[in-house]
Amino acid sequence: MTDRPHVGAADLAARFREFIDPEFVISDAETMKPYECDGMSMYCEMPMLVVLPETVAQVQRVMRICHQHQVPVVARGAGTGLSAGAMPHADGVVLSLAKFNRILDIDPLARTARLQPGVRNLAISEAAAEFGLYYGPDPSSQIACTIGGNVAENSGGVHCLKYGLTVHNLLRVEMITVEGERVVLGSEGLDVCGMDLLALATGSEGLLGVVTEVTVKLLPTPERAQVVMAGFDSVQKAGDAVGGIIAHGIIPGGLEMMDGHAIVAADDFAQAGYPRDAKALLLCEVDGTAEEVQEHIEQAEALFRELGATSVCTSKNEAERALLWKGRKSAFPAVGRISPDYYCMDGTIPRRQLAHVLTEMEAMSEQFGLRVANVFHAGDGNLHPLILFDANVPGEFERTEAFGTAILRLCVEVGGCITGEHGVGVEKIRQMAYQFSDAELAQFHDLKAAFDPQGILNPGKGVPSLRFCQEYRALDDKPHSSHPAKEARHG
Amino acid sequence: MADIAQQLQDRVLAARDQGQKLNIVGGGSKSFLGRQMAVATTNLHVGEHRGIVEYHPVELVLTVRAGTPLTEIEATLAEQGQGLHFEPPRLGASDTIGGTLACNLSGPARPWSGSVRDQVLGVRLINGKGEHLKFGGQVMKNVAGFDVSRLQAGAMGTLGVLTEISLKVMPQPAATLTLVQDMAPDQVVAYMNARAAEPKPLSGACWRDGKVYLRLSGARSAVEATAEKWTGTVMDGDDGFWRQLRDQQLGFFAGDDPLWRFSVRSTATLPPLEGDWLIDWAGAQRWYRGAADTPQLEQIARDAGGQVSLFRGGDRRGEVMHHQPDALAALQKRLKHSFDPDGLFNPGRLYSWL
Ligand SMILES: Cc1cc2nc3c(=O)[nH]c(=O)nc-3n(C[C@H](O)[C@H](O)[C@H](O)COP(=O)(O)OP(=O)(O)OC[C@H]3O[C@@H](n4cnc5c(N)ncnc54)[C@H](O)[C@@H]3O)c2cc1C
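Residues numbered from 1 in each chain as written. Chains lettered and ligands numbered in written order. Predicted model: local features only at pLDDT ≥ 70, side-chain atom pairs only at ≥ 80, totals over all residues. Heavy atoms only, no water.

A.B. asks: Got a sec to walk through the overall build of chain A? Specific residues and values, please.
C.D. replies: What chain A contains, in helices and strands, is 18 helices and 18 strands. The C-alpha atoms of chain A give 23 Å as radius of gyration, which agrees with the globular expectation for 491 residues (23 Å, within 12%). Counting only C-alpha atoms and orienting by the principal axes, one finds that chain A spans roughly 70 × 60 × 45 Å. Going through the 491 residues of chain A one by one, you find that 64% of them count as buried. When contacts within chain A are restricted to residue pairs at least 6 apart in sequence, long-range pairs at least 24 apart make up 72% of them. Just so you have it, chain A exposes about 16900 Å², and 51% of that area is on carbon and sulfur atoms. Taking the average place of the 41 positive charges on the side chains of chain A and the average place of its 65 negative ones, the gap between the two points comes to 2 Å. (Helix = DSSP H or I, 4+ residues; strand = E, 2+ residues; numbered from the N terminus. Rg over C-alpha atoms; globule rule 2.2 N^0.38 Å. Buried < 20%, exposed > 50% of the residue type's maximum accessible area, 1.4 Å probe, protein only. Contact = heavy atoms within 4.5 Å. Areas by Shrake-Rupley, 256 points an atom, 1.4 Å probe, with all protein chains shown as cover. Lys, Arg positive; Asp, Glu negative; His and termini not counted. Charge placed at Lys NZ, Arg CZ, Asp CG, Glu CD.)

A.B. asks: So what's going on with the nonpolar core? Residues and values would help.
C.D. replies: If you look at the biggest cluster of nonpolar residues, it comprises 189 residues, and the most contacted ones within it are V216(A), F304(A), L447(A), F262(B) and L335(B). It is helix α14 (residues 396-413) of chain A that provides the largest number of residues to this core, a total of eight residues. Counting contributing residues, this core receives three or more from each of domain 1 (5-171) and domain 2 (175-246) of chain B. Apart from the residues lying within four places of it in its own chain, the contact partners of L335(B) are M195(A), L197(A), L200(A), L447(A), A450(A), F451(A), L151(B) and L159(B). (Core = buried A, V, L, I, M, F, W, Y, C linked by side-chain atoms within 4.5 Å. Domains from an automatic or database assignment.)

A.B. asks: I'd like a description of the packing of aromatic side chains, backed by residues and values.
C.D. replies: Any pair of aromatic rings gets described here by the distance separating the centres and the angle formed by the planes. All chains considered together, the criterion is met by 19 aromatic pairs over all chains. With 6.3 Å between their ring centres and 85° between their planes, Y134(A) and Y163(A) make a pair best called edge-to-face. Separated by 29 residues along the polypeptide, Y134(A) in strand β7 (residues 133-134) and Y163(A) in helix α6 (residues 160-163) bring together distant segments of the chain. Consider the rings of F232(A) and F304(A), whose centres lie 6.2 Å apart with planes at 85°: the pair is edge-to-face. Here F232(A) is found in strand β12 (residues 224-232), whereas its partner F304(A) is found in helix α10 (residues 290-306), with 72 residues between them in sequence. Given the relative accessible area of 0%, F232(A) is considered buried. Through successive ring pairs, a cluster of aromatic residues spans F32(B), F252(B), F253(B), W287(B) and F311(B). (Phe/Tyr/Trp six-rings, centres within 6.5 Å; stacked < 30°, edge-to-face > 60°.)

A.B. asks: Which residues make up the interface of chain B and chain A, and what values do they have?
C.D. replies: For an interface, size is often stated in terms of accessible area lost upon the parts coming together. Each partner contributes residues to the interface: chain B has 79 residues there, and chain A has 83 residues. A combined buried area of about 6500 Å² lies between chain B and chain A, and 60% of that area is made up of carbon and sulfur atoms. When the buried surface of chain B facing chain A is broken down by residue, K141(B), V143(B) and F146(B) rank first, second and third, together holding 15% of it. Between chain B and chain A we count 10 salt bridges in total. Across the salt bridge formed by D191(A) and R110(B), the nearest N and O atoms sit 2.8 Å from each other. Counting the contacts that link chain B with chain A gives 32 residue pairs in polar contact (both at pLDDT 80 or more). When residues in the side of chain B that touches chain A are grouped by element, the largest group, eight residues, is from helix α11 (residues 326-339) of chain B. Tallied by class, the residues present in the side of chain B that touches chain A amount to 39 nonpolar, 22 polar and 18 charged. (Buried area = accessible area lost by both parts, 1.4 Å probe. Salt bridge = Lys/Arg side-chain N within 4 Å of Asp/Glu carboxyl O. Polar contact = N/O pair within 3.5 Å; in protein donor to acceptor, adjacent residues only side chain to side chain. Nonpolar A, V, L, I, M, F, W, Y, C, P; charged D, E, K, R; others polar.)

This is how it looks when you write it as structure tokens:
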């Protein structure tokens, strides 16, 4: 991948301008600057060019030209990704889908929405609301992130346990292959014949193709939803309460946990009325028919009390419910206010390991001399430890990364994984070596080559080269290793 | 209850050395599905590779060896008040979870509870190089690496030998009840879809012989209140009806005439065809028995936004799965090659060219 035939930025731009509005072929550094990173701003790179096509035919032509000249292509939605998946390639093109922002069709009876990839997640539910429908997956970034990005990352949200991830809510995706061919994965029916390419494309981080249209399932808006908030004086008790609810046969619409640091930060930010002295907080949303919610709320309140909650309170109206969620959904920016910088991790663990993992994390926090706050999709075991640091203090980001790596390693050791919803991107590429053997990584490379033999789509992301893996594994056995992720970008 | 993964791996390696092709067999209950293979194959029996590896009811996660019979899995889950919400069909006496995933088979609850593919969290499989690999995991959310686990759904073993599967399981609903009423075929599709668009605990919607059956499952209060509101009479022995539908034991499925499966937009109106119909999944799955030719049915399926396959009977030496456009066929061939470079597994079972 290192010796690509060279085609200059000016030549390439000229070719694109033959069929794309010249204003949307960007080659000057100043205008390209906002594209240098995604939500993971520690990883930056300036691209050779940025293009914003407006039609699928234009995307196909861009792909054909890039394929011909072996120029790397990095698709980009809203750039809210948290694993540097949309970080540009220095010798490549950023293909922004920002112009594809139309909702093409909503079919209220079939309960589907056909969307261009640049449609914002929240806009889907907003448009479906008049039909009493909504789109299930609700990442905290839903105001900004796009459905194309959601497909590429298989994004989740606080309602995943009951309503599933992006992959569970898709019917059909149109994708442009590296050769510029348009293929349709899935259908308007629920199942298709043969291997499940739609599932494979979901979460493939822009490595297999460029998504140009998405048909999603819509769900009937529940009659009623209420949140029970329960405070606990230990994380262990809160963790047990999560298990207790599920063992009782209740599948909450959302089940979220915050630790003491996150509670205070979120409450300062949102004035949500959280119990500030609690060591752990559960937000348990029950939704369904009016009768069902009534029945389950009573059971949940009783269970939490029985399992040692120090405070239990339930939202009485929509405003109260929204406020309780506001605290949780703004937990990241809230933590951002108590520290100059924070680094968001995304491991998943079996829930029974929660207390163990949090205790270990406290110990590591001391060891690395960095604070950590935890928000947690407790229902499905997805942890978001937020490591607080100051990028202006020399060495602190490196220490933060080492701490983060130690956390992910622990997640894998207890039977979990290195990323629940944010993706591998560049950021977690070295930790892939903890979760997968060389043979498994080699299979991933072979699979990728079936779609993209020359490695043009989002190169250097998602799957580490085997050579680097050996180096990572060796380096990780030394304390405070420096930055092999940097090299991986060009790998 | 044995772990024979090593033996399976040795068998694959030996087949590779000796230039043999392998027919992967779980319980053998779905041998009628897919194409008749044109080349000679040796059976690779996975059925002995069985047993529950790990089950944590509170995690809602089950890990089993691929040859484990569905009956054994469901009995174990039932002890904890849990079950497989995709309602895997029993198409024989010995259906295994591996075969269920490979064929991507789900029962009447599929539109509401998801398919077997939707519940899969991870798999282990032996690829065509004889490597025993692990993908996904035992947690609900996992986006590290490509989703090789769900890719297996519907691949019919063409990519490798599944040895272990981790699945999401769910608590059994507290109450279930079925409403039945007469309805003409030209009204039923709109009716079922309208019901499905209401926020009610619907878990089955089927039309057969002039009657529409709606199943409600969930909290007792929700099920009872919905039954009060909706029309239809409460059905006795409804459990048996849904089980027979799931397992293709209703009279509609009897006999040797070709059985076609349409997977289409739930609201689609299909043109009149000589023959008999059963509508399931609130319109998204339609079973057809009649004399029609493949190109005609494929056109109908395409117009309805979906696909058709010849599920049972008919000519199984030709293609039985919906036609794939060239670009997708090429992709699938390359994918197959990336897992199974020597084409050991189930050659031609899914498509003649795969
Ligand atoms: C404050 C905050 C909160 C967040 N909360 C959540 C959360 O709760 N759950 C969650 O899952 N994520 C969350 N995220 C992460 C992020 O929002 C998601 O990953 C989101 O899906 C990214 O969408 P995007 O449009 O911004 O994609 P981008 O960041 O632009 O791109 C992400 C990846 O997708 C690829 N891509 C984008 N569009 C396409 C396309 N059309 N075709 C092919 N590939 C494409 C890119 O190449 C890149 O690899 C959060 C992020 C922030 C900043």
